[in-house]
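Chain and residue survey
The chain contents come next:
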Amino acid sequence: MTSHLSAVCPHDCWDACALRVEVSDGRAVRIEGDPDHPVTRGVVCAKVRRYLDRVYGPQRLLTPRIRTGPKGAGEFREASWEEALELISRRYRRIAAQDGPAAILPYSYYGTHGVLQSAGMDRRFFHRLGASRLERTICSAAGSQALNRVLGTRQGADPEAMADNRLIVFWGQNPFSTNLHGWLAAREAQKGGALLVTIDPYRHAGARRSDWHLAPLPGTDVALALGIMREILDRGWEDRDYLARHTRGREALARHLAAHPVERCAERCGLDAADIRELARLWAHTRPALVRLGYGVQRHTHGGAAVRAISLLPALTGAWRDPGGGLLLSNSGAFPLNTALLERPELAPGPVRSINMNRLGEALTQASPPVRALHVYNANPAVVAPHQNLVLAGLSREDLFMVVHDQWVSDTGRFADVLLPATTQLEHLDLHTSYWHLYLGLNQPCIAPRGEAKPNTEAFRLLARAMGFTEDAFADSDWDLAEQALSSGHPFLAGVTLERLRREYWVRLNTPQRPHVPFRDGFATPDGRVDLAQVPDWAPPAESREGSPALHQRYPLHLVTPAAHHFLNSTYGELPWAREREGTPHVFLHPADAAARGIADGDAIRIHNDRGAFRATARVGDHTRPGVAVSPGGWHLGTHPEGRSCNATTSDALADLGGGATFHTNLVQVERVPTKPHGDWVS
Ligand SMILES: Nc1nc2c(c(=O)[nH]1)N[C@H]1C(S)=C(S)[C@@H](COP(=O)(O)OP(=O)(O)OC[C@H]3O[C@@H](n4cnc5c(=O)[nH]c(N)nc54)[C@H](O)[C@@H]3O)O[C@H]1N2
Ligand SMILES: Nc1nc2c(c(=O)[nH]1)N[C@H]1C(S)=C(S)[C@@H](COP(=O)(O)OP(=O)(O)OC[C@H]3O[C@@H](n4cnc5c(=O)[nH]c(N)nc54)[C@H](O)[C@@H]3O)O[C@H]1N2
Ligand SMILES: [Mo]
């Protein structure tokens, strides 16, 4: 028997696509984009079309396993859930008794972006246990706080009106790889005559297809935004009516900008002053106009300041007046779920310490009191976390008890004492928001769980029982959790009920207008205005020629490590076809930087700084500007000759806001290594 079921893409990705899954005799045989969904429109990316390889591939973990070999060797024996749960609860009880429950640290991110499987029963469990709290800062923390400060919320232009823009500025975003439907909308606009501009040190596929590409030095976007603002005010191009109604602090802004001539800004970001002036002219004179901000800009030591400065631009020109126009970094703030009811923080016995996930290596090697147990789910920190050598030193500790719940044995899983098998998206229930579009989605289970796999919710329910936790909170079913998530009473959720989701599978948020024009009539700040006086000052990135001259002498190349096209963070890196398409781990170098080091295209190179080193293949060409190297990340450790990936060089310094990650503030040196041809490296 064949049926077609509705589901939602699980990935931590802007598009949160609605899926149609064809199931034949209990086996999923095909995945497509839902043709009726107004954003997905029948299209899914190349990765997700192959999602069934993640469900049925030979790498799939189907039973619990218990470590038999040395830490990190990846040697395990099979076990039952009963035995695994008994072992975990016994160890957690002992650690809690001896060192206090804060010696246990959860570590999770958005391996699945679903609300229930990423932040529900798990949070209840760790609150009740009294475990250390994890600050989940690895992706968007600095930018999120910046938006909250400037706009009062994390909302922006409605993507459904994106194609109506006449100017779209992709600023630190790589939509061709990371936001396919945003890219398709932009191309539609471009065909209708709109201008696409990309501001990115990396000349990626989207930059190539843009009408204009500007490549500033990494971490200098504050200077670029200040230069644009200065030019707009100097010329009197600001929207005075909008400024008077919805902002304050214009004089303070003008005074601040007096110290930032366009020429000086241009010098700082390594661009021509004439280009900054032209960008300002376009921004002020084109309507509707959108800054489509990505997360790359805020993964720097001054990433919060960059987002704050850029977010002032649409207020200055009144770009928020137009449907589709203004700025869009995140629409997460448009999904007012009842997270307190889902996560139940009041179950915690008292205040506990919190640990920033960007400092995982430090937490595992230096925290006092020490971390004795680490419980990883929805995440692969061995690959994705910064300062990899410190992280791996922590994970290698023989005295660290480690549980990893995943769909396969990742580089992190290899260090586990207990491995638990997780269901894939086709095997569990979930509710999905998007950080980009404005639809809630319901993901129904399409097939039975494979082997002994269990959803995160169920694993924590069982673990709660094994620990003897008797609160009602642990008796809630996944349907109960979904119901609770929707119960905030916020007007955006009026009429967005579980009954309706069970009938229709995706429902648009009940925004006041469609398209949603969030700041046409004011902002979500306490007084409804944007405060222009809070314009940030220029400061160079901590690792840069201006910020640390001595370091820059030893390590003169900025290394940017953005998302890879065929991986989703480190996910899909386990599938041979994705690795083949991605090639080998590689670093784009400018011809001048390559020549200065005797490096030719295709050479094996070693990239290093004081934190660590990794090996890759040199790709010499026009992808970068002199002084900047780019290496798409996500490659598993075993695909590199020395077992280290680009995060061996990245820093665990924190951004200026929210404790955010600073992956792209990273100075390195590169050298050629005489070695076997790179084809031999790929496992
Ligand atoms: N194919 C694919 N899609 C993905 C992901 C993936 O790994 N692969 N990851 C998903 C996740 S978790 C996220 S958060 C989103 C991220 O989606 P995007 O925001 O597109 O993020 P990135 O590709 O990490 O970085 C965007 C760009 O920022 C640029 N950049 C770096 N530093 C600077 C700077 O100082 N200034 C400027 N102007 N640009 C800079 C980088 O060169 C890069 O091109 O994508 C999601 N979608
Ligand atoms: N150098 C550099 N590093 C980066 C970035 C960068 O731009 N540059 N980007 C950063 C960003 S934006 C992010 S968001 C982080 C992402 O980092 P992570 O959230 O750790 O993402 P993944 O590497 O995809 O690992 C997710 C894991 O969760 C598992 N998983 C999937 N679904 C489930 C489930 O239902 N249950 C359980 N238990 N497991 C599941 C997957 O199999 C996979 O092993 O990485 C960051 N790392
Ligand atoms: Mo992310």
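Everything quoted here is computed from the prediction, not taken from an experiment. (Residues numbered from 1 in each chain as written. Chains lettered and ligands numbered in written order. Predicted model: local features only at pLDDT ≥ 70, side-chain atom pairs only at ≥ 80, totals over all residues. Heavy atoms only, no water.)

1. Remarks on the pattern of salt bridges
Where charged atoms from two side chains of opposite charge approach closely, those side chains can pair. In the structure shown here, the tally under the stated rule is 52 salt bridges. Residue R321 pairs with D241 through a salt bridge whose shortest N-O separation is 2.9 Å. Of this pair, R321 sits in the loop between α16 (313–317) and β13 (326–328) while D241 sits in helix α11 (residues 240–246), and the two are 80 residues apart along the sequence. On the basis of relative accessibility, which here comes to 25%, the residue R321 falls in the partly exposed class. Take D241: its relative accessible area is 34%, and that puts it in the partly exposed class. Residue E458 is joined to R461 by a salt bridge in which the shortest nitrogen-to-oxygen separation is 2.7 Å. In this pair, E458 and R461 are both assigned in helix α21 (residues 456–467), three residues apart and thus about one turn of the helix distant. The class of R461 is buried, set by a relative accessible area of 12%. (Salt bridge = Lys/Arg side-chain N within 4 Å of Asp/Glu carboxyl O. Helix = DSSP H or I, 4+ residues; strand = E, 2+ residues; numbered from the N terminus. Buried < 20%, exposed > 50% of the residue type's maximum accessible area, 1.4 Å probe, protein only.)

2. Observations regarding the site of ligand 1
In the neighbourhood of ligand 1, 34 residues make up the surrounding shell, with D200, G219, D221, F567 and N569 lying closest. N174 places a main-chain nitrogen or oxygen 3.0 Å from an oxygen atom of ligand 1. Protein chains bury 98% of the 910 Å² of accessible surface belonging to ligand 1 in isolation. Classifying every residue of the shell around ligand 1 gives 16 nonpolar, 13 polar and five charged. (Near = heavy atom within 4 Å. Polar contact = N/O pair within 3.5 Å; in protein donor to acceptor, adjacent residues only side chain to side chain. Areas by Shrake-Rupley, 256 points an atom, 1.4 Å probe, with all protein chains shown as cover. Nonpolar A, V, L, I, M, F, W, Y, C, P; charged D, E, K, R; others polar.)

3. What about helix α8 (residues 180–191)?
Taking 1.5 Å of rise per residue, the 12 residues of α8 would be expected to cover 16 Å, and the 16 Å separating its terminal C-alpha atoms lies within 8% of that figure. For α8, every residue scored as buried is listed here: H181, G182, W183, A185, A186, A189 and Q190. On its buried side, α8 packs onto β8 (167–171), α7 (175–178), β9 (195–199) and α9 (205–208). In the segment just after α8, G193 is the residue with positive phi, at about 105 degrees. (Expected span 1.5 Å × (residues − 1). Contact = heavy atoms within 4.5 Å.)

4. Examining the confidence of the model for the chain
Taken residue by residue, the chain gives an average pLDDT of 97. The fraction at 70 or more is 99%. Contacts of residues 679–683 to residues separated by more than four positions or lying in other chains number 14 contacts, the stretch itself having pLDDT below 50. (pLDDT = per-residue confidence, 0-100.)

5. Observations regarding the side chain of T137
By the element assignment, T137 lies in the loop between β7 (133–135) and α6 (141–151). With a relative accessible area of 5%, T137 lands in the buried category. Polar contacts involving the side chain of T137 include one to the side chain of N356, which spans 2.6 Å. Polar contacts involving the side chain of T137 include one to the side chain of N358, which spans 3.0 Å. Filtering out sequence-adjacent residues up to four positions away, T137 remains in contact with N356, M357, N358, G658, G659, G660 and A661.

6. Digging into the site of ligand 2
Near ligand 2 there are 29 residues, and of these D406, T561, S570, T571 and N647 occur at the shortest range. Its free accessible area being 920 Å², ligand 2 has 95% of it covered by the protein chains. Across the shell around ligand 2, the residue classes tally to 11 nonpolar, 14 polar and four charged. Two domains each provide a minimum of three residues to the shell around ligand 2, namely domain 2 (65–138 + 335–508) and domain 4 (549–672). (Domains from an automatic or database assignment.)

7. Quick word on the nonpolar core
Taken as a class, soluble globular proteins show a tendency for nonpolar side chains to be buried jointly. Ranked by size, the top nonpolar core spans 79 residues in total, and within it W171, L224, I228, M229, L293 and I310 carry the most contacts. Sorting elements by how many residues they give to this core places helix α10 (residues 221–235) first, with nine residues. Per-domain counts for this core show at least three residues from each of domain 2 (65–138 + 335–508) and domain 3 (142–329). Excluding residues within four positions of it along the chain, W171 makes contact with I199, D221, L224, A225, I228, V291, R292, L293, G294, V297, I310 and L313. (Core = buried A, V, L, I, M, F, W, Y, C linked by side-chain atoms within 4.5 Å.)

8. Observations regarding the pairing of strand β12 (residues 289–293)
The element β12 is largely enclosed, with a buried count of five among its five residues. Across the two faces of β12 the burial is the same, with A289, V291 and L293 and L290 and R292 all buried. When β8 meets β12, the two strands line up parallel, connected through five bridges. Within β12, the residue paired with V169 across the bridge is V291. (Pairing = 2+ DSSP bridges.)

9. Digging into the sheet that holds strand β18 (residues 430–432)
Taken together, three strands build an open sheet; the order of strands is β18-β19-β20 and the sheet is antiparallel. In the strand order of this sheet, the two ends are held by β18 and β20 (506–508), each with one partner. Adjacent strand axes in the sheet meet at a mean angle of 15 degrees, parallel and antiparallel pairs treated alike. Taken together, the three bridges between β18 and strand β19 (residues 439–443) define a ladder with antiparallel strand orientation. By the bridge assignment for β19, H432 is matched with G441. (Axes fitted to C-alpha atoms, helices over the stretch in contact; angles between N-to-C directions.)

10. Topic: the state of the cysteines
Enumeration over the complete set of coordinates arrives at zero disulfides. You can see C13 has no disulfide; the closest cysteine sulfur is in C9, sitting 6.6 Å from it. Here C17 stays free of any disulfide, with the sulfur of C9 as its closest cysteine sulfur at 5.9 Å. (Disulfide = S-S within 2.5 Å.)

11. A word on unusual backbone geometry
A cis amide bond links R287 to the next residue, P288, at an omega of -15 degrees. Checked against the element boundaries, P288 lands in the loop between α14 (273–285) and β12. Although it is not a glycine, N378 sits at a positive phi angle of roughly 60 degrees. If you trace the backbone, N378 turns up in the loop between β15 (373–377) and α19 (381–384). Even without being a glycine, Y572 presents a positive backbone phi close to 85 degrees. Within the element layout of this structure, Y572 appears in the loop between β22 (557–560) and α25 (576–582).

12. Focus: the environment of A379
Mapped onto the secondary structure, A379 falls in the loop between β15 and α19. For the pair A379 and A459, spaced 80 residues apart in sequence, the C-alpha separation works out to 16 Å.

13. Focus on the packing of helix α13 (residues 262–269) against α14
Viewed as axis vectors pointing N to C, α13 and α14 meet at an angle of 110 degrees, and their least axial separation amounts to 8 Å. One finds that α13 runs roughly perpendicular with respect to α14. Counting all contacts with α13, which are made through V262, E263, C265, A266 and C269, the residues of α14 involved are A273, I276 and R277. Split by residue class, the contact of α13 with α14 holds six nonpolar, no polar and two charged. (Parallel < 35°, antiparallel > 145°, perpendicular 65-115°, else oblique.)

14. Observations concerning the environment of F474
The topology assignment puts F474 in the loop between α21 and α22 (478–485). For F474 and L463, which are 11 residues apart along the polypeptide, the C-alpha to C-alpha distance reads 9.7 Å.

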